[in-house]
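Residue strings, one per chain:
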Amino acid sequence: VNDSVETLKSASLGGTTREAIDPVIRDWLLGIASDVRSGQPLPPYERPQGSQWGLTAGISTGYDTNVLLASDASVAASESTAASSPVYSPSLQVLWKKPLGSSGRALYVGAFGSFTGYTSSDASIFNSVVLSQSTDWADVRRSSGSRLSFSVGNQIDVVMLNTAGVEFFSGVETLRPRVTWQHGGAASTEFDLGLRWQSFAEPSDSSLDRTGPGVRPRVIHRRRMGPLLASLGFVFDAQFAQGEEYQSTSVQVPFSLTVPRLWRSLGFIASLEAALTQYPQSSSDRSDLLLQGGLGFRLPWLSRSLWGLDWGVRSNASNLDAATYLKQTVTLSYTHDLF
């Protein structure tokens, strides 16, 4: 090891072997040599890897029975609440992974962009552009069959709507410290604290302003049972909006079941979620009970492509008539990893 260290030091200082030695492997070997000299036990062997890039393009099409309520970040209820329309959405996603040494630390950077268009004239004002950027730092620690992962991520999401030409509608920035405990070979538990600031286009009525900070801690437990992967979570969400009508607290219980190979290479996904949201400062003392679920199929195609077929339903019961709705979507999607 000592002879190798001297050779590596020569390479790092501009010796004749510089081009022959990978910088990542060089740094890893220098760290190993340091442990040997100090009497520390050697870590498990992990071959260092360089940076990795990924680029994925996608296109989806389908039908939406309630376009206005496409998300919680929709505009105020209007006469077109029940507008339905065929929908299409092209998207592009870029990912970059940078290992930080060989100890399980890594940096992940991603960017996502999509356009959603509705062919119905009544729904065209909800055509939207979504832009997202995320950065995550992760550190994995292993000991006696278990694995503990720490990560800190930051994500920025921007939505622009075609309400009067494409213009800013909302922006959300979320700081997400996360700990994942992999215990045994079949189970993991994730603790996630989401600290966010959301900003919306300023409404004419200040009591309807959704801009403000929020917090969203959650616990997700995942367990593999033979060919099945089950996930059950508990989420608490509090939004401290500037407008009294949108100050809220919410309790959510999401559940999902994934079958990677339902038949040959065909995968299956089922999800169900219940959420109770209270608006204690609203003039109507608003209270919502949301139930949503979905079924999906995934089919790999060739070596880099994936087909998807999804059906989803979303039902919101509320003491506020304008917030009571039913929404269904059917979507056919295709994604391809360009590299």
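Residues numbered from 1 in each chain as written. Predicted model: local features only at pLDDT ≥ 70, side-chain atom pairs only at ≥ 80, totals over all residues. Heavy atoms only, no water.

Asks: How do you make sense of the overall build of the protein chain when you look at a structure like this?
Replies: In terms of helices and strands, the protein chain carries two helices and 14 strands. When burial is assessed residue by residue, the protein chain has 32% of its 339 residues classed as buried. Partitioning the intrachain contacts of the protein chain with sequence separation of at least 6 by distance along the chain shows that 51% fall at a separation of at least 24. Here the protein chain has roughly 19300 Å² of accessible surface; of this, 61% comes from carbon and sulfur atoms. (Helix = DSSP H or I, 4+ residues; strand = E, 2+ residues; numbered from the N terminus. Buried < 20%, exposed > 50% of the residue type's maximum accessible area, 1.4 Å probe, protein only. Contact = heavy atoms within 4.5 Å. Areas by Shrake-Rupley, 256 points an atom, 1.4 Å probe, with all protein chains shown as cover.)

Asks: Please explain the pattern of salt bridges as it appears in this structure.
Replies: Where charged atoms from two side chains of opposite charge come close, those side chains can pair. Evaluation of the coordinates by the stated rule reveals 11 salt bridges. The salt bridge involving Asp 237 is made with Arg 196; its shortest N-O contact spans 2.8 Å. With a gap of 41 residues between them, Asp 237 in strand β9 (residues 228-239) and Arg 196 in strand β7 (residues 187-200) connect regions that are remote in the sequence. Through salt bridges with shared partners, one network takes in Asp 136, Arg 176, Arg 178, Glu 190, Asp 192, Arg 218 and Arg 222. (Salt bridge = Lys/Arg side-chain N within 4 Å of Asp/Glu carboxyl O.)

Asks: What should I look at first to understand the side chain of Ser 85 in this one?
Replies: Considering the arrangement of structural elements, one finds Ser 85 in strand β2 (residues 85-99). Setting aside residues no more than four positions away along its own chain, Ser 85 makes contact with Gly 62, Tyr 63, Asp 64, Val 67, Tyr 118, Thr 119, Ser 120 and Ala 123.

Asks: I'm lost on the pairing of β7 in this one. Help?
Replies: Consecutive residues of a regular strand have side chains that alternate between opposite faces of the sheet. Pairing between strand β6 (residues 167-183) and β7: 12 bridges, direction antiparallel. Bridge pairing links Val 172 to Gln 198 in β7. The loop that links β6 with its antiparallel partner β7 comprises three residues; one of these, Gly 184, has a positive phi angle of about 75 degrees. Examined bridge by bridge, β7 and strand β8 (residues 212-225) share 12 bridges and lie antiparallel to one another. In the strand pairing of β8, Leu 195 is matched with Val 215. (Pairing = 2+ DSSP bridges.)

Asks: Hey, could you run me through the pairing of strand β12 (residues 287-301) in this one?
Replies: Alignment of strand β11 (residues 266-278) against β12, held across 12 bridges, turns out to be antiparallel. Looking across to β12, one finds that Ala 270 is bridged to Leu 295. Two strands pair when backbone bridges link them, and β12 and strand β13 (residues 305-318) are joined in this way by 14 bridges, in the antiparallel orientation. Within β13, the residue paired with Arg 298 across the bridge is Gly 308. The hairpin formed by β12 and β13 contains three residues between the paired strands, and Leu 302 there has a positive phi angle of roughly 60 degrees.

Asks: What should I look at first to understand the environment of Leu 320 in this one?
Replies: Along the chain, the position of Leu 320 falls in the loop between β13 and β14 (325-337). Residue Leu 320 is classed as partly exposed on the basis of its relative accessible area of 29%. The spacing of Leu 320 and Arg 286 is 34 residues in sequence and 6.2 Å in space, taken between C-alpha atoms. With residues up to four places along the chain from it excluded, the contact list for Leu 320 reads Ser 284 and Arg 286.

Asks: Would you mind going over the packing of aromatic side chains with me for this structure?
Replies: To describe a pair of aromatic rings, you give the distance between the ring centres and the angle between the ring planes. This structure, assessed with the given rule, holds six aromatic pairs. Centre to centre, the rings of Trp 53 and Trp 96 are 6.0 Å apart; their planes meet at 40 degrees, and the pair counts as tilted. Highlighted residues: Trp 53 in strand β1 (residues 52-64) and Trp 96 in strand β2, separated in sequence by 43 residues. A residue is classified by how much of its surface remains accessible, and Trp 53, at 55% relative accessible area, is exposed. Accessibility expressed as a relative area gives 23% for Trp 96, which makes it partly exposed. (Phe/Tyr/Trp six-rings, centres within 6.5 Å; stacked < 30°, edge-to-face > 60°.)

Asks: Quick question: what am I supposed to make of unusual backbone geometry here?
Replies: The phi angle of most residues is negative, glycine excepted, and most peptide bonds adopt the trans form. Phi at Asp 285 takes a positive value of approximately 50 degrees, unusual for a residue other than glycine. For Asp 285, the location among the structural elements is in the loop between β11 and β12. The phi dihedral of Leu 302 is positive, around 60 degrees, even though this residue is not glycine. The residue Leu 302 is located in the loop between β12 and β13 in this model.

Asks: Is there a simple way to explain the environment of Leu 295 in this structure?
Replies: Mapped onto the secondary structure, Leu 295 falls in strand β12. For the pair Leu 295 and Ile 269, spaced 26 residues apart in sequence, the C-alpha separation works out to 5.8 Å.

Asks: I would appreciate a short explanation of a nonpolar patch on the surface in the present structure.
Replies: A surface patch of nonpolar side chains, about 1200 Å² in accessible area, is lined by Leu 262, Trp 263, Leu 295, Phe 297, Leu 299, Trp 301, Leu 302, Trp 307, Leu 309, Trp 311, Val 330 and Leu 332. At the level of elements, β10 (248-263), β12, β13 and β14 are the ones that each hand at least two residues to the nonpolar patch. Position of Trp 301 among the secondary structure elements: in strand β12. Residue class for Trp 301 comes out partly exposed when judged on its relative accessible area of 43%. (Patch = residues over 30% accessible without salt bridge, like charges linked within 9 Å, V, L, I, M, F, W, Y side chains within 5 Å.)

Asks: I would appreciate a short explanation of the environment of Ser 315 in the present structure.
Replies: In this structure, Ser 315 sits in strand β13. Taking C-alpha positions, Ser 315 is 8.7 Å from Gln 328, a pair spaced 13 residues apart along the chain. Those residues in contact with Ser 315 that lie beyond four places of it in its chain are Leu 289, Leu 290, Leu 291, Tyr 325 and Leu 326.

Asks: I keep staring at the confidence of the model for the protein chain and nothing clicks. Help me out?
Replies: Parts of the model with low pLDDT should not have their predicted coordinates read in detail. Of all residues in the protein chain, 80% have pLDDT values of 70 or greater, and the mean over the chain is 84. Counted against residues more than four places away or in other chains, residues 11-19, with its pLDDT under 50, gives eight contacts. Contacts for the low-pLDDT stretch residues 70-80, under 50 throughout, to residues beyond four places or in other chains number 22 contacts. (pLDDT = per-residue confidence, 0-100.)

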